[in-house]
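Letter by letter, the chains look like this.
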Amino acid sequence: MKSSDFSDTEHHYDEIAQQWADAKSIPYIEYILTPSLLKLIGPVDGKTVLDLACGEGADLRHLKKLGAADVLGVDISHEMIHLARNAEKEEPLGCRYLVGDAAQLQLDEQFDLVIGAFLLNHASSKEQLLSLFSAIAGALTPGGRFVGLNVNMAIETAHYDDLRKYGRWMTTTPDRKEGDMIVVHHRNPDGSEMIIENFYLSPETYAAAAAEAGLKNFRWLALSVSQAGLDAYPPGFWDEFFETPQVMGIAADL
Ligand SMILES: C[S@@+](CC[C@H](N)C(=O)[O-])C[C@H]1O[C@@H](n2cnc3c(N)ncnc32)[C@H](O)[C@@H]1O
């Protein structure tokens with residue numbers, strides 16, 4: 001894999017890798033994002049899975065425990081892969097990891113399922129998005145499926161401040177246009193703020209790039225709150241999240 005123009009992303013995630021791993025206990029991540037992704041993925045028994053932008057590997061480890069036959073995680077951040085490999089050392093499950101840029105992916109194997117949780121929203125141009133979708137298409141076996149999570153590109157910037165009560169808000173330029181940065185802010189369990197830099201591309205650009213890469217039926221999918229999340233909070237607590245969801249599921253088929 002060659003180096004790419006996602007190198008700023010690489011450095012940023014090297015700095016916040018542990019913070020991101022710890023952020024998994026932020027309630028909206030624990031009770032909405034993680035369970036929704038697993039629900040959208042569905043049964044993995046006996047399937048081969050590639051996780052692009054696997055981060056510290058928690059999702060992949062979960063899928064392996066659920067019965068996935070063979071799993072490979074790829075992430076551009078050395079530090080993220082370091083955390084993933086440490087977890088594998090502590091509890092060997094047979095998960096494999098590679099440091100690399102998903103946009104430059106050259107693997108000599110294909111997978112039943114490709115996961116991309118917060119991968120595509122790092123693309124700042126249609127060309128970058130196309131290179132990521134092409135890598136996804138190239139890594140899938142015929143009939144395979146891509147599933148992920150992504151910043152919801154369909155909501156207006158006026159709603160970027162709506163989810164503060166859950167510890168998440170986003171900022172961008174006043175006249176947000178294609179390629180502009182979206183900064184995602186998180187309030188971490190320890191009170192500190194974690195910042196993630198993503199980019200805006202319209203839903204139309206996403207659909208066009210997916211189709212150009214040879215993927216069919218690119219779709220945005222609703223998330224849901226887990227039973228544990230409903231049980232842990234008063235009725236209605238999660239409603240605002242779903243009125244203007246800043247994160248959506250995504251999927252496409254080869
Ligand atoms: C917000 S984290 C999500 C990690 C993981 N998917 C999860 O949901 O826990 C985004 C990840 O995308 C990775 N990433 C961003 N651009 C990438 C690229 N071009 N190739 C591979 N990984 C990338 C970052 O290094 C980071 O680990």
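S.K.: Which residues make up the overall build of the protein, and what are the values?
M.R.: Helices and strands together make up the secondary structure of the protein, namely 8 helices and 10 strands. By the compact-globule yardstick of 18 Å for 254 residues, the protein fits well, its C-alpha radius of gyration being 17 Å. Among the 254 residues that make up the protein, the fraction classed as buried is 51%. Put simply, of all contacts in the protein between residues at least 6 apart along the chain, 71% involve residues at least 24 apart.

S.K.: Requested: an account of the packing of aromatic side chains, with residues and values cited.
M.R.: Summed over the entire model, instances satisfying the criterion amount to 16 aromatic pairs. When the centroid spacing of 6.1 Å and the interplanar angle of 75 degrees are considered together, the rings of Y31 and Y233 count as edge-to-face. Of this pair, Y31 sits in helix α2 (residues 27-41) while Y233 sits in the loop between α7 (227-232) and α8 (239-243), and the two are 202 residues apart along the sequence. Of the residues examined, Y233 reaches a relative accessible area of 25% and is grouped as partly exposed.

S.K.: Summarise the site of the ligand; cite the residues concerned and give the values.
M.R.: Near the ligand lie 22 residues; those nearest to it are K24, A53, D75, D101 and A102. One of the backbone nitrogen or oxygen atoms of I76 is found 3.1 Å away from a nitrogen atom of the ligand. In isolation the ligand offers 590 Å² of accessible surface; the protein chains occlude 99% of this area. The dominant element in the shell around the ligand, judged by the number of residues it contributes, is helix α1 (residues 7-23), at 3 residues. Here the shell around the ligand is built from residues that sort into 12 nonpolar, 5 polar and 5 charged.

Calculation notes
Residues numbered from 1 in each chain as written. Predicted model: local features only at pLDDT ≥ 70, side-chain atom pairs only at ≥ 80, totals over all residues. Heavy atoms only, no water. Helix = DSSP H or I, 4+ residues; strand = E, 2+ residues; numbered from the N terminus. Rg over C-alpha atoms; globule rule 2.2 N^0.38 Å. Buried < 20%, exposed > 50% of the residue type's maximum accessible area, 1.4 Å probe, protein only. Contact = heavy atoms within 4.5 Å. Phe/Tyr/Trp six-rings, centres within 6.5 Å; stacked < 30°, edge-to-face > 60°. Near = heavy atom within 4 Å. Polar contact = N/O pair within 3.5 Å; in protein donor to acceptor, adjacent residues only side chain to side chain. Areas by Shrake-Rupley, 256 points an atom, 1.4 Å probe, with all protein chains shown as cover. Nonpolar A, V, L, I, M, F, W, Y, C, P; charged D, E, K, R; others polar.

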